[in-house]
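Here is what each chain is made of, one letter per residue.
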Amino acid sequence: MSNQLKGHSLALFTVIVWGTTLFASDYLLNTANLSTSAVVMARFVIAYVILNIMYPPRLKLQAVKTEITFALAGLTGVTLYFIGENTALLSTRPANVSIIIATAPMFTSLFYRLTDKTMKLNKLFYLGFVVAMGGIVITTLSEGELGLSPKGDIIALVAAIAWAIYSVMIGRLNSLGINQIQMMRRVFFWGVVYLIPYMIISGFSISEYAAFSDIHAVLDVLYLGIVASALCYVTWNYAMKCLTPVIGSSYIYAQPVVAIIVAALKNMTLTWHIFVGAALTIMGLVISVQKPKTNE
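Everything quoted here is computed from the prediction, not taken from an experiment.

Chemist: Could you clarify how one ought to interpret empty space enclosed by the protein in this entry?
Modeler: Regions of empty space are outlined by a rolling probe, equal in size to a water molecule, passed over the atoms. Using the criterion set out here, one finds 1 cavity of 30 Å³ or more in the structure. The calculated volume of the largest cavity comes to roughly 40 Å³. In terms of residues, the lining of the largest cavity owes the most to one element, helix 2 (residues 36-54), which gives 4 residues.

Chemist: Hey, could you run me through unusual backbone geometry in this one?
Modeler: For residues that are not glycine, phi is negative in most cases, and the peptide bond is trans in most cases. For asparagine 33, which is not glycine, the phi torsion reads 60° and is therefore positive. As for its placement among the helices and strands, asparagine 33 is situated in the loop between helix 1 (3-31) and helix 2.

Chemist: What exactly am I supposed to notice about the pattern of salt bridges here?
Modeler: Close approach of charged atoms allows side chains of opposite charge to pair. Summed over all chains, the structure comprises 1 salt bridge. In this structure, arginine 186 and glutamate 67 form a salt bridge, with 2.5 Å as the shortest nitrogen-oxygen distance. In this pair, arginine 186 is assigned in helix 8 (residues 180-201) and glutamate 67 in helix 3 (residues 64-89), connecting sequence segments 119 residues apart. Overall, the relative accessible area of 13% leaves arginine 186 in the buried class.

Chemist: Would you explain the nonpolar core in this entry?
Modeler: Nonpolar side chains in soluble globular proteins tend to end up buried together. In this structure, Trp163, Met184, Val187, Tyr233 and Trp236 are the most contacted members of the largest nonpolar core, which totals 63 residues. In terms of residue count, the dominant contributor to this core is helix 9 (residues 215-243) (10 residues). Among residues more than four places away in sequence, those in contact with methionine 184 are Leu51, Tyr166, Ile170, Tyr233, Val234 and Asn237.

Chemist: What am I meant to see in helix 2 here?
Modeler: An α-helix turns once every 3.6 residues. As a result, residues three or four positions apart point the same way. A rise of 1.5 Å per residue sets the reference length of helix 2, with its 19 residues, at 27 Å; its end C-alpha atoms lie 27 Å apart and thus fit the reference within 8%. Those residues of helix 2 not exposed but buried are Thr36, Ser37, Ala38, Val39, Val40, Met41, Ala42, Arg43, Phe44, Ala47, Leu51 and Asn52. The elements touched by buried residues of helix 2 are helix 1, helix 3, helix 8 and helix 9.

Chemist: Just checking my understanding: could you explain the side chain of threonine 21 for this structure?
Modeler: Tracing the sequence through the fold places threonine 21 in helix 1. For threonine 21, a relative accessible area of 10% gives the class buried. Reaching out from threonine 21, the side chain makes a polar contact with the backbone oxygen of tryptophan 18 at a distance of 2.7 Å. Apart from the residues within four sequence positions on either side, threonine 21 is in contact with Tyr223, Leu224 and Ala228.

Chemist: Would you take a moment to explain the packing of aromatic side chains for this structure?
Modeler: The relation between two aromatic rings is expressed through the spacing of the ring centres and the mutual angle of the planes. With the rule as written, the count across this model stands at 17 aromatic pairs. Ring geometry for tryptophan 163 against tryptophan 236: centres 6.4 Å apart, planes inclined by 50°, an arrangement best described as tilted. Here the residue tryptophan 163 occupies a position in helix 7 (residues 150-174), and tryptophan 236 occupies one in helix 9, the gap between them amounting to 73 residues. With respect to burial, tryptophan 163 and tryptophan 236 carry one shared label: buried. Plain terms: the ring middles of phenylalanine 188 and tyrosine 233 are 5.2 Å apart, the flat faces sit at 75° to each other, and that makes the pair edge-to-face. One end of the pair, phenylalanine 188, is in helix 8; the other, tyrosine 233, is in helix 9, and 45 residues separate them in sequence. For the residue pair phenylalanine 188 and tyrosine 233, the accessibility class agrees, reading buried in each case. Chaining the aromatic ring pairs together yields one cluster made of Trp18, Phe44, Tyr81, Phe82, Trp163, Tyr166, Phe188, Tyr233 and Trp236. The aromatic ring of phenylalanine 70 is capped on one face by arginine 186, whose charged end is 5.6 Å from the ring centroid.

Chemist: I would appreciate a short explanation of the side chain of glutamate 208 in the present structure.
Modeler: Relative to the helices and strands, glutamate 208 is located in the loop between helix 8 and helix 9. For the buried residue glutamate 208, which engages in no salt bridge, the nearest side chain bearing the opposite charge is arginine 43, 15 Å off. When neighbours within four sequence positions are excluded, glutamate 208 is seen to be in contact with Asn33, Leu34, Ser35 and Ala38.

Chemist: Would you take a moment to explain a nonpolar patch on the surface for this structure?
Modeler: A contiguous nonpolar patch, built from Ile215, Leu219, Leu222 and Ile226 and spanning about 350 Å² of accessible area, is present on the exposed surface. Residue position: isoleucine 226 is located in helix 9.

Chemist: Looking at this structure, how should I read the environment of valine 168?
Modeler: Summarising the element assignment, valine 168 is placed in helix 7. Judged by its relative accessible area of 4%, valine 168 is buried. Note: C-alpha distance between valine 168 and tyrosine 112 (56 residues apart in sequence) is 6.9 Å. Here valine 168 is in contact with Thr108, Phe111, Tyr112 and Thr115, once residues within four sequence places are set aside.

Criteria and thresholds
- Numbering of residues starts from 1 in every chain and runs along the sequence as written.
- Predicted model: local features are reported for residues with pLDDT of at least 70 only, side-chain atom pairs are reported and counted for 80 or more only, and whole-chain, interface and lining totals are derived from all residues.
- Remark: hydrogens and water are excluded; side-chain values derive from all non-hydrogen atoms of the structure.
- Two kinds of site are reported from a 1 Å grid over the protein atoms alone, namely cavities, where a 1.4 Å probe fits but cannot get out, and pockets, open sets with protein on both sides within 12 Å along at least five of seven lines, and residues are called lining when an atom falls within 4 Å of a point.
- Grid points are joined across faces, edges and corners, and a volume is the space filled by probe spheres set on the points.
- Helix and strand definitions here come from DSSP, where helices need a minimum of 4 consecutive H or I residues and strands a minimum of 2 consecutive E residues; each element is numbered from the N-terminal end.
- Put simply, a salt bridge is a Lys or Arg side-chain nitrogen that is within 4 Å of an Asp or Glu carboxyl oxygen.
- To sort residues, take the accessible area from a 1.4 Å probe on protein chains only and compare it with the maximum for the residue type: under 20% means buried, over 50% means exposed, and anything in between is partly exposed.
- Residue types Ala, Val, Leu, Ile, Met, Phe, Trp, Tyr and Cys, when buried and joined through side-chain atoms within 4.5 Å, form a set referred to as a nonpolar core.
- It only takes one pair of heavy atoms within 4.5 Å for two residues to be counted as in contact.
- Helices are assigned an expected span. That span is 1.5 Å times one less than the residue count.
- Contacts described as polar in this section are N or O atom pairs within 3.5 Å, which, within protein, must combine one atom able to donate a hydrogen with one able to accept it, while residues neighboring in sequence count only if both atoms come from side chains.
- The rule is short: rings of Phe, Tyr and Trp, with Trp giving its six-membered ring, pair when the centres are within 6.5 Å, and they are stacked under 30 degrees, edge-to-face over 60, tilted in between.
- A positively charged side chain is recorded as over a ring if its NZ (Lys) or CZ (Arg) lies within 6 Å of the ring centre. The angle to the ring normal must also be within 35 degrees.
- The convention is simple: Lys and Arg are positive, Asp and Glu are negative, and His and the chain ends are not counted.
- Patch members must show over 30% relative accessible area and no salt bridge, and they are joined within 9 Å when carrying like charges or within 5 Å when they are nonpolar side chains of Val, Leu, Ile, Met, Phe, Trp or Tyr.
- Note that accessible areas follow from Shrake-Rupley with a 1.4 Å probe, and for residues the cover is restricted to the protein chains shown.

In structure tokens, the structure reads:
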């Protein structure tokens, strides 16, 4: 299998898994009554432990510049992204969050244009963005009309920008040839470090974890930690290495569509919005993943 095909396959697999995580997170937040910080901390501590089991050799301390890159990746891809996304869901509609988060690939491309002058995106990338966003808007209309909620929408936008910065940091780390599991373990370490002060400020109580007496809550957090984090962050980063972060990040367009389709299947209500929106999103994705031109 070529690296390109591996990259597309792993990116698609990852967004399908991430598209289902909404249901596990929703149960933990709204039924098990865990706080956002408690869910994110449990998820990434589990992921960190699993990665240690998968590949025990330790990653030596890197050059200062590289360690700063690791720290920024942990801050943006773990702490800011997940705290932002979950906090936004408390203030605005899931449909709004889905659309705003799906702008992350565009921010990724813009950051790359600012940091890498050799990178040029062809017009098809931007056309794909427009088509995909149109599909996402149509799909989310199946949940009801969209409405403006400034606080939640701004927080969701911050989360999208954080993920774009994370994508750029991962691109830099991938260029160093570091083992993917060791790389993600270091990123998760920094993410957990940044989560600690947030938990203290937000009033976290260890008693919240009594919720894990519920087997459903245990299975959900294991799914988030083992599959959606330990496994999927590694597959995502490998996909970015094969495709480049700009092209690979375009798969984010499909994530909200996957979530809404799964929700529709659970309730057995499939509307025309879902079929048309999914078709447009996939079309936009296909258009966007065309290889960008570079200066020779």
